[in-house]
Amino acid sequence: MTLRVLEWRGIPVPDAVRERVMACEDLDQLELWAQRAVHATDAAELFADE
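Note that the coordinates shown come from a computational prediction; the quantities given were computed from them, not determined experimentally.

A. How the structure looks around the pattern of salt bridges. This model, assessed by the stated rule, comprises 2 salt bridges. Notably, a salt bridge pairs Arg18 with Glu7, separated by 2.9 Å at the nearest N-O pair. Residue Arg18 is located in helix H2 (residues 15-23), and its partner Glu7 is located in helix H1 (residues 2-8); the two are separated by 11 residues in the primary sequence. Overall, the relative accessible area of 30% leaves Arg18 in the partly exposed class. Arg36 serves as the salt-bridge partner of Asp49, at 3.2 Å between the closest nitrogen and oxygen. Linking Asp49 in the segment after helix H3 (27-39) with Arg36 in helix H3, this pair joins segments that are 13 residues apart in sequence.

B. Region of the structure containing the packing of aromatic side chains. Summed over the entire model, instances satisfying the criterion amount to 1 aromatic pair. Look at Trp33 and Phe47: their rings are 5.0 Å apart centre to centre, the planes differ by 85°, and that puts the pair in the edge-to-face class. On the criterion of sequence distance, the pair formed by Trp33 in helix H3 and Phe47 in the segment after H3 is long-range, its members being 14 residues apart. Trp33 gets classed as buried once you look at its relative accessible area, which sits at 3%.

Cut-offs applied
Residues numbered from 1 in each chain as written. Predicted model: local features only at pLDDT ≥ 70, side-chain atom pairs only at ≥ 80, totals over all residues. Heavy atoms only, no water. Salt bridge = Lys/Arg side-chain N within 4 Å of Asp/Glu carboxyl O. Helix = DSSP H or I, 4+ residues; strand = E, 2+ residues; numbered from the N terminus. Buried < 20%, exposed > 50% of the residue type's maximum accessible area, 1.4 Å probe, protein only. Phe/Tyr/Trp six-rings, centres within 6.5 Å; stacked < 30°, edge-to-face > 60°.

Following this line, the structure appears as structure tokens:
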């Protein structure tokens, strides 16, 4: 869902971001990234606090 939100919003998703999101199995982390995707202007913003 996170990647789709970014794509729907027209935000390019680099391979590194796609791979990291696809590899994540932590549902809480995925939910946080999905929430960030709604407001992000760049895919890297998903990982802003890291």
